[in-house]
Amino acid sequence: MRQPSNQCLGAERSANQHPGDLGSMSMCQFGRTEVIDNSLNPDFLHKFVLDYCFEERQNLRFDLYDVDSKSPDLSKHDFLGQAFCTLGEIVGSAGSRLEKPLTMGTATMHPRGRRLAPAASHGGIPGKKCGTIILLAEELGNCRDVATLQFCANKLDKKDFFGKSDPFMVFYRSNEDGTFTICHKTEVVRNTLNPVWAAFAIPVRALCNGDHDRAIKVEVYDWDRDGSHDFIGEFTTSYRELARGQSHFNVYEVVNPRKKMKKKKYLNSGTVTLLSFTVEAEHTFLDYIKGGTQLNFTVAIDFTASNGNPSQPTSLHYLSPFQLNAYSLALRAVGDIIQDYDSDKMFPALGFGAKVPPDGHVSHEFPLNGDASNPACHGIAGVLEAYQRSLRHVQLYGPTNFAPVVNHVARSAATVLDGSQYFVLLIITDGVISDMAQTKEAIVNAAKLPMSIIIVGVGQAEFDAMVELDGDDIRISSRGKVAERDIVQFVPFRDYMTGGPGAGLSMAGLAREVLAEIPDQLLSYMKARGIKPHPHPSHVP
């Protein structure tokens, strides 16, 4: 029977976060737990605090040691096993709880970065299972409250010669040094001395930086078209006062200091009244993931003839025995990260713009695995294999139509509207879109669904139309209907592919760029539909 030992866990993370084999990453030590005496089932109290980035592959390694002395040198202690994972794997597991087998790795890592002797020299056999490690992730609590307020005013000063006033308010929070920082501006209510402003939501930290007694200054102005707005007056309050809600405490005299100095009988320039005040916690992306929301990833690949003959090295689809082509690299960069949030690791993979067997008809949503009833492939490796196999069986043709694959994923998303699943479509393309009107209509319709679209443009073509679909500056519209949400992110592959030793780092940059908007897009859907995250599943020891 094995004797209880004094155990210590060391955590390491990769020095560079590009996708790749976890076992071959360059790692640096991040921290160590306390030592648990005489136990084969240690429950470590020490927590490792990491910055979580959904759009990055954050590789981790955990090494377990039997501590024999007080020496900080790990080579002086018995190595018991190690486990590799990503932070996304832990977060994306049910209840953010991940179990991994501990194995005897090929080598351990000195805290200063140099490799130690092979683990087998400590009595272990490489690859042998030697227990299980349970990893838990929890988002650190901070001020996530959002306050919703509504104000009205009464008998404000008349500032316009030919009319009344066009009042609006500006809110400022006070800083430690006594200065003020603007944090909110209301809309303008035209031609009235008794305005009722629309309710607005603002993070509590933006309003008072977490200090409920910190002064909040509010200035009231009369809007002028030329920008020279007329100052009506001001008042001060605090979050604690506002939190009392509608009451006599929250009726404020609007005072113009200059008028008060000049006129002895001056009382005020009107009053502002708080009509309503509510506060609720703002849910985060991690709240939904931890509550069980799954990300369903679908890939659609451009098989149009403009990519070039796949048998020629100049083709964007050329399968070199020495390196991945642009399509494969883009798929790996995005897929390696997003797969951590999909429990079954089954990913539908589609192609468009090719003549497909057996009759050679042109298809814009054919399954890469050849199974129209179930186009899902197992893991990103399965998608890559199906893509490479398709290249040998279809004829590149055209045109470049996006609408069919957008509608394909939208049909799936429309069946799951309860927040339990969120769909992400990755389109990798080389050319100018041929069905712009239909694609815009498809995107506008999809914006109502739990769905996001990532477009990666490969090659040297002009991608002006993709920028329009992105909708960052002007929200996309179709037939007079504007998309409810911005759900498209476009990135040109060439901006991140430099070649040479730095290519991997460029892939990490590509992944960051295309995935950075997914958490906010998911939150915008959940908020618009009033969907709250499910309670976190309890941790089972």
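This text goes with the structure placed above it.
Computed from a predicted structure; not experimentally measured.

Quick notes on the rules
- Residues numbered from 1 in each chain as written.
- Predicted model: local features only at pLDDT ≥ 70, side-chain atom pairs only at ≥ 80, totals over all residues.
- Heavy atoms only, no water.
- Helix = DSSP H or I, 4+ residues; strand = E, 2+ residues; numbered from the N terminus.
- Buried < 20%, exposed > 50% of the residue type's maximum accessible area, 1.4 Å probe, protein only.
- Contact = heavy atoms within 4.5 Å.
- Pairing = 2+ DSSP bridges.
- Phe/Tyr/Trp six-rings, centres within 6.5 Å; stacked < 30°, edge-to-face > 60°.
- Lys NZ or Arg CZ within 6 Å of the ring centre and 35° of its normal.
- Axes fitted to C-alpha atoms, helices over the stretch in contact; angles between N-to-C directions.
- Salt bridge = Lys/Arg side-chain N within 4 Å of Asp/Glu carboxyl O.
- Parallel < 35°, antiparallel > 145°, perpendicular 65-115°, else oblique.
- Left-handed = near helix turned anticlockwise from the far one by under 90°.
- Nonpolar A, V, L, I, M, F, W, Y, C, P; charged D, E, K, R; others polar.
- Polar contact = N/O pair within 3.5 Å; in protein donor to acceptor, adjacent residues only side chain to side chain.

Participant: What should I look at first to understand the side chain of Ser478 in this one?
Facilitator: With respect to the helices and strands, the residue Ser478 is situated in strand S24 (residues 477–478). Given a relative accessible area of 11%, Ser478 falls into the buried group. Excluding residues within four positions of it along the chain, Ser478 makes contact with Ala437, Lys440, Glu441 and Val444.

Participant: In this structure, what is going on with the sheet that holds strand S21 (residues 395–396)? I would like to understand it.
Facilitator: Working definition: the strands of a sheet are paired by backbone hydrogen bonds and lie parallel or antiparallel to each other. Strand order in the open sheet formed by three strands is S18-S17-S21, with antiparallel pairing between adjacent strands. Every interior strand has two partners, whereas the edge strands, strand S18 (361–363) and S21, have only one. Here two bridges tie strand S17 (residues 354–356) to S21, and the two strands are oriented antiparallel to one another. Each residue of the ladder has a partner; that of Lys355, found in S21, is Gln395.

Participant: Just checking my understanding: could you explain the packing of aromatic side chains for this structure?
Facilitator: Aromatic ring pairs are reported here in terms of the distance separating the ring centres and the angle at which the planes meet. Under the counting rule described, the total for this entry stands at 18 aromatic pairs. Judged by centre distance (6.4 Å) and plane angle (55 degrees), the rings of Phe30 and Phe48 are tilted. In this pair, Phe30 sits in strand S2 (residues 27–32) while Phe48 sits in the loop between S2 and strand S3 (59–66), placing the two residues 18 residues apart along the sequence. A residue is classified by how much of its surface remains accessible, and Phe30, at 30% relative accessible area, is partly exposed. Looking at Phe48, the relative accessible area reads 25%, which means it is partly exposed. Consider the rings of Phe297 and Phe347, whose centres lie 5.7 Å apart with planes at 75 degrees: the pair is edge-to-face. Of the two residues, Phe297 sits in strand S15 (residues 294–302) while Phe347 sits in strand S16 (residues 346–352), which places them 50 residues apart along the sequence. As far as burial versus exposure is concerned, Phe297 and Phe347 are alike and both buried. One aromatic cluster in this structure is built from Phe303, Tyr327, Phe366 and Tyr387. The ring of Tyr172 has Lys217 sitting right over it, with the charged end atom 5.4 Å from the ring centre. Of note, Lys355 hangs over the ring of Tyr397, and the distance from its end group to the ring centre comes to 4.2 Å.

Participant: Sorry if this is basic, but what is going on with the pairing of strand S26 (residues 488–492) here?
Facilitator: Note on strand geometry: in a regular strand, side chains alternate between the two faces of the sheet. The element S26 is extensively covered by neighbouring structure, given that five of its five residues are classed as buried. In the sheet, strand S23 (residues 451–457) pairs with S26 via five bridges, with the strands oriented parallel. Among the inter-strand pairings, Ile453 is bridged to a residue of S26, identified as Val488.

Participant: I tried to follow the sheet that holds strand S12 (residues 230–238) on my own but got confused; where do I start?
Facilitator: Read from one edge of the open sheet, four strands run S9-S8-S11-S12, paired in antiparallel fashion. At either end of the open sheet lies a strand with only one pairing partner, and these are strand S9 (180–185) and S12. Strand-to-strand, the axes of this sheet are offset by a mean angle of 25 degrees, without reference to chain direction.

Participant: What is the right way to read the pattern of salt bridges from this model?
Facilitator: A pair can form between side chains of opposite charge whenever their charged atoms are brought close. Counted according to the given criterion, the structure contains 16 salt bridges. The partner of Asp211 in a salt bridge is Arg214, and the shortest N-O contact between them spans 3.8 Å. Residue class for Arg214 comes out buried when judged on its relative accessible area of 10%.

Participant: Help me understand the packing of helix H6 (residues 326–338) against helix H7 (residues 379–391), please; the structure alone is not making it clear to me.
Facilitator: A pair of packed helices is characterised by two quantities: the angle between their axes and the separation of those axes. Where H6 contacts H7, the two axes come as close as 10 Å, and the packing angle between them is 160 degrees. Taken as axis vectors, H6 and H7 run roughly antiparallel relative to one another. In this structure, H6 crosses over H7, and the sense of that crossing is right-handed. The segment H6 lies against H7, with Tyr327, Ser328, Leu331, Arg332, Gly335 and Asp336 engaging Ile380, Val383, Leu384 and Tyr387. Looking at side-chain class alone, the contact of H6 with H7 contains six nonpolar, two polar and two charged residues.

Participant: Whenever I open this one, the packing of helix H8 (residues 403–413) against helix H9 (residues 436–446) confuses me. Can you help?
Facilitator: Running from N to C, H8 and H9 point in directions that differ by 15 degrees, and their axes come no closer than 9 Å. With respect to their mutual orientation, H8 and H9 come out roughly parallel. Here H8 runs over H9; the crossing is left-handed. Of the residues in H9, those in contact with Ala403, Val406 and Asn407 of H8 are Gln438, Thr439, Ala442 and Ile443.

Participant: Any chance you could explain the environment of Asp302 here in plain terms?
Facilitator: Along the chain, Asp302 falls in strand S15. Sequence separation between Asp302 and Leu396 is 94 residues; the distance between their C-alpha atoms is 8.9 Å. Here Asp302 is in contact with Asn307, His317, Tyr327, Phe352, Thr400, Ile428, Thr429, Asp430 and Gly431, once residues within four sequence places are set aside. Here Asp430 takes part through its backbone nitrogen, which lies 3.3 Å from a polar atom of the side chain of Asp302.

Participant: Can you walk me through the environment of Gln421 in this structure?
Facilitator: Considering the arrangement of structural elements, one finds Gln421 in strand S22 (residues 421–429). When the C-alpha atoms of Gln421 and Tyr288 are compared, they prove to be 9.8 Å apart, with 133 residues separating the residues in sequence. Residue contacts for Gln421: discarding those within four places in its chain leaves Thr293, Gln294, Asn296, Val416 and Pro450. Separated by 2.3 Å, the side chains of Gln421 and Asn296 make a polar contact.

Participant: How do you make sense of the side chain of Asp63 when you look at a structure like this?
Facilitator: Among the structural elements, Asp63 can be located in strand S3. A polar side-chain atom of Asp63 sits 2.8 Å from a polar atom in the side chain of Arg61. A polar contact is formed between the side chain of Asp63 and the side chain of Gln82, at a distance of 3.0 Å.

Participant: Would you mind showing me how to read unusual backbone geometry here?
Facilitator: Backbone geometry follows two general trends: most residues other than glycine have a negative phi, and most peptide bonds adopt the trans configuration. Residue Pro358 is bonded to the preceding Pro357 through a cis peptide linkage, with omega at 5 degrees. If you check the backbone angles, Lys155 has positive phi at about 55 degrees while not being a glycine. Mapping Lys155 onto the fold places it in the loop between strand S7 (145–154) and strand S8 (167–174). For Lys155, a relative accessible area of 65% puts it in the exposed group. A positive phi angle is found at Asn191, which is not glycine, with a value near 55 degrees. Along the polypeptide, Asn191 turns up in the loop between S9 and strand S10 (200–203). The partly exposed category is assigned to Asn191, whose relative accessible area is 47%.

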